[in-house]
Amino acid sequence: GGFSVYAAAGGAKEVVSADISKDASEMADKNVKLNFAEYENHQTVTEDCFAYLKNMPENYFDILVLDPPAFAKTAQNVPNASRGYKEINMWGFKKVKKGGLVFTFSCSGSVDRDLFRKIVFGAAADVGRNVRIIHQLTQPIDHPINIYHPEGEYLKGLVLYVE
């Protein structure tokens, strides 16, 4: 629920935390309540995020954070992971309002930064949304990347402006 806590702290009128894990949903709810006892506009949804996004109305969110678990734990999983990242981003682009932001992340070491960008760009093109990168994110200094182990650069993210 870290993103939800920061959204509430930033003054979001409504925050929805969706996760397939009941434990994760409960932790998100607990963390928001611990940080903002008076904040009443946080909702947790325990559901597969793909299904959740599919069922949401289009142009609903002002800001959407897509932070799935690692879809590719090994290089053999990259084709399936690529489809998963593309699908979740396609749904995200459909559900965010014009002028909205999408924060999208991957923590799959086998999906490098360039491939992740191509997947995200492909998702935007497939749903007909014009998207601009505002900022690129990577792991912090306490997760150094060894030049002999490029998969160590596993945390990557994009902050996107959706027209």
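Per chain, residue numbering runs from 1 following the sequence as it is written. Where local features are concerned, this predicted model is filtered to residues with pLDDT of at least 70; where side-chain atom pairs are given and counted, the filter is 80 or more; whole-chain, interface and lining totals use all residues. Computation of side-chain values: all heavy atoms of the structure, hydrogens and water removed.

### Remarks on the packing of aromatic side chains
For any pair of aromatic rings, the description consists of the separation of the ring centres together with the inter-plane angle of the planes. Two rings from Phe, Tyr or Trp (for Trp, the six-membered ring) form a pair when their centres are within 6.5 Å of each other. A pair whose planes differ by under 30 degrees is stacked, one over 60 is edge-to-face, and the rest are tilted. Scanning the model with the defined rule gives 6 aromatic pairs in all. On the basis of an interplanar angle of 85° and a centroid distance of 5.6 Å, the ring pair of Y85 and F116 is categorised as edge-to-face. A residue pair is termed long-range when its members are at least 10 positions apart, and Y85 in helix α4 (residues 78-95) and F116 in helix α5 (residues 113-127) qualify at 31 residues. Only protein chains enter the accessibility calculation, which uses a 1.4 Å probe. A residue is then buried if its area is under 20% of the maximum for its type, exposed if over 50%, and partly exposed in between. For F116, a relative accessible area of 1% gives the class buried. Three or more aromatic residues joined by ring pairs form one cluster here, namely F50, F71, Y85 and F116. A ring is considered to have a charge above it if a Lys NZ or an Arg CZ atom is located within 6 Å of its centre and within 35 degrees of its normal. In this structure, K94 is placed above the aromatic ring of W91, and the distance from its NZ or CZ to the ring centre is 4.4 Å. Runs of E in the DSSP output that reach at least two residues are strands. Runs of H or I that reach at least four are helices, and both are numbered from the N terminus.

### Some points on the sheet that holds strand β6 (residues 156-162)
Strand order in the open sheet formed by 4 strands is β3-β4-β6-β5, and the pairing between neighbours is mixed. Lying at the two open borders of the sheet, with one neighbouring strand each, are β3 (61-66) and β5 (131-138). Sheet twist, expressed as the mean angle between neighbouring strand axes with direction ignored, is 15°. One ladder, built from 7 bridges, connects β5 with β6; its direction is antiparallel. In the sheet register, Q136 faces β6, and the bridge partner there is L158. When checking whether two residues touch, look at their non-hydrogen atoms; a contact exists if any pair is within 4.5 Å. Interaxial angles span 0 to 180 degrees and are taken between N-to-C directions of axes, which are lines fitted to C-alpha atoms, for helices over the stretch in contact. Contacting β4 (96-106), β5 and β6, α5 runs over the sheet at an angle of about 25° to β6. In short, DSSP must find at least two bridges between two strands for them to pair.

### Quick word on the environment of N59
Within the element layout of this structure, N59 appears in the loop between α3 (49-55) and β3. For N59, a relative accessible area of 41% corresponds to the partly exposed category. Measuring from C-alpha to C-alpha, the distance between N59 and K95 comes to 4.6 Å, with 36 residues separating the pair along the chain. When residues no more than four places from it in sequence are discounted, the contact partners of N59 are K94, K95, V96, K97, K98 and R129.

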